[in-house]
Amino acid sequence: MTAGVNVKTRQISLCLAVSVIALCAQGCYHILATQEALLEDSAEEKYEKGDFAGAIRDYNKAIVLKPGYGVLYRDRALAREAMGDFTGAMKDLDTAVALRPWDLEMSRIRVEAQIAILDSLQSPATNSAAADKVLLRMEIVTARIRIIDILDKLIRLQRYYGEEDPQAYGDRGRLRFDQGDPRGAIEDFDEVLSMDYNAEWAFYNRGLAEAVLGDDRAAIRDFTRVLKNDDSDGEAFYQRGLARIRAGDYDRGCSDLRRARDLGVEESENAMEEMCQ
């Protein structure tokens, strides 16, 4: 009878020990979660005040406590981007998207960060400071290819959720055009206009792609659409003028170039000297 009591006592003791461990684990989890939330709040407050370095330090600590939380990587990326650390920002955004592949906002932020890096690479300041221009061009081409790939994935995700965004198609269209794919660019700008027929920038960019393909009449229609909405757009006058001259309409083409010159488009002066004598 005593042995039976001892067995039951050991069983009860074991159950109590397991319960205590479980309670401790629960308590530790809540403590860590509270610490992480406080750090996240502190980081957000510092970010809003412009203390990006302080925000990054808090996000670093929060990520140690909650390494699988993609939002922390996204927010740290924004702080890093604000400090000009594009490489670090991209690493964080890649991690954030890997942790939350279904998150449209996360993917969109990654695209915007990549475009910011590309704009920096393509800036006149970067070009003039580059010791190796060929290497810089290779970096630019590589960046474009990477962004197009990211946009492909984002657009597929948007289609899945039924939340297609004309901006994503527009970004991809411009990149395709810059990469020498005017047909792909036109397809994307067609998609933009199917969703938002008042997107004048899409008409303008589609006109550029049509002009490259030699379809000047289509380009003229698109530039004319832009000018109907804004007759102070010098670039649209300039591009329509060139397209009209290529199509054999010298009088109206030169008239467009003069209007573009009057609106401050410097290239128009040289074009008029060559084609409007």
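We now turn to the structure provided with this report. (Residues numbered from 1 in each chain as written. Predicted model: local features only at pLDDT ≥ 70, side-chain atom pairs only at ≥ 80, totals over all residues. Heavy atoms only, no water.)

**Focus: the overall build of the chain**
Part 1 of the argument: Scanning the chain from terminus to terminus reveals 14 helices and zero strands.
Part 2 of the argument: Reading the helices (α) and strands (β) of the chain from amino to carboxyl end gives α-α-α-α-α-α-α-α-α-α-α-α-α-α.
Part 3 of the argument: Classification of the 277 residues of the chain by burial places 40% in the buried group.
Part 4 of the argument: For the chain, the proportion of contacts with a sequence separation of at least 24, taken over those separated by at least 6, is 47%. (Helix = DSSP H or I, 4+ residues; strand = E, 2+ residues; numbered from the N terminus. Buried < 20%, exposed > 50% of the residue type's maximum accessible area, 1.4 Å probe, protein only. Contact = heavy atoms within 4.5 Å.)

**Side note on the packing of aromatic side chains**
Part 1 of the argument: If you walk through the whole model with that rule in mind, you get four aromatic pairs.
Part 2 of the argument: Measuring from centroid to centroid gives 5.2 Å for Tyr197 and Phe203, while their planes differ by 85°, and the two rings are edge-to-face.
Part 3 of the argument: By relative accessible area, Phe203 is classed as buried at 2%.
Part 4 of the argument: For Lys66, the ring lying beneath its charged end belongs to Tyr69, and the centroid distance is 4.2 Å. (Phe/Tyr/Trp six-rings, centres within 6.5 Å; stacked < 30°, edge-to-face > 60°. Lys NZ or Arg CZ within 6 Å of the ring centre and 35° of its normal.)

**Here's the deal with the nonpolar core**
Part 1 of the argument: Core analysis: the biggest nonpolar cluster contains 52 residues, and Leu151, Tyr238 and Leu257 have the highest contact counts within it.
Part 2 of the argument: For this core, the leading source of residues is helix H7 (residues 133–161), giving ten residues.
Part 3 of the argument: Setting aside chain neighbours within four positions, we find Leu257 in contact with Tyr238, Gly241, Leu242, Ile245, Ser268, Ala271, Met272 and Cys276. (Core = buried A, V, L, I, M, F, W, Y, C linked by side-chain atoms within 4.5 Å.)

**Regarding the side chain of Asn205**
Part 1 of the argument: As for its position among the elements, Asn205 is in helix H10 (residues 200–212).
Part 2 of the argument: Beyond its immediate sequence surroundings of up to four residues, Asn205 is in contact with Arg174 and Phe189.

**Considerations on the side chain of Asp222**
Part 1 of the argument: Topologically, Asp222 is positioned in helix H11 (residues 216–229).
Part 2 of the argument: Excluding residues that lie within four positions of it along the chain, Asp222 makes contacts with Phe203, Arg206, Gly207 and Glu210.

**A closer look at the pattern of salt bridges**
Part 1 of the argument: Counted under the stated rule, the structure contains 27 salt bridges.
Part 2 of the argument: Between Asp152 and Arg172 there is a salt bridge whose closest N-O contact spans 2.7 Å. Taken together, the residues Asp152 in helix H7 and Arg172 in helix H8 (residues 166–178) connect sequence positions 20 residues apart.
Part 3 of the argument: Overall, Arg172 belongs to the buried group, its relative accessible area being 9%.
Part 4 of the argument: For Arg206, the salt bridge goes to Glu210, with nearest N and O atoms at 3.5 Å. Of this pair, Arg206 and Glu210 both sit in helix H10, four residues apart, which is roughly one turn of the helix.
Part 5 of the argument: The buried category is assigned to Arg206, whose relative accessible area is 14%. (Salt bridge = Lys/Arg side-chain N within 4 Å of Asp/Glu carboxyl O.)

**Observations regarding the environment of Phe237**
Part 1 of the argument: Counting through the fold element by element, Phe237 comes out in helix H12 (residues 234–246).
Part 2 of the argument: Accessibility expressed as a relative area gives 7% for Phe237, which makes it buried.
Part 3 of the argument: Separated by ten residues in the primary sequence, Phe237 and Leu227 place their C-alpha atoms 7.5 Å from one another.

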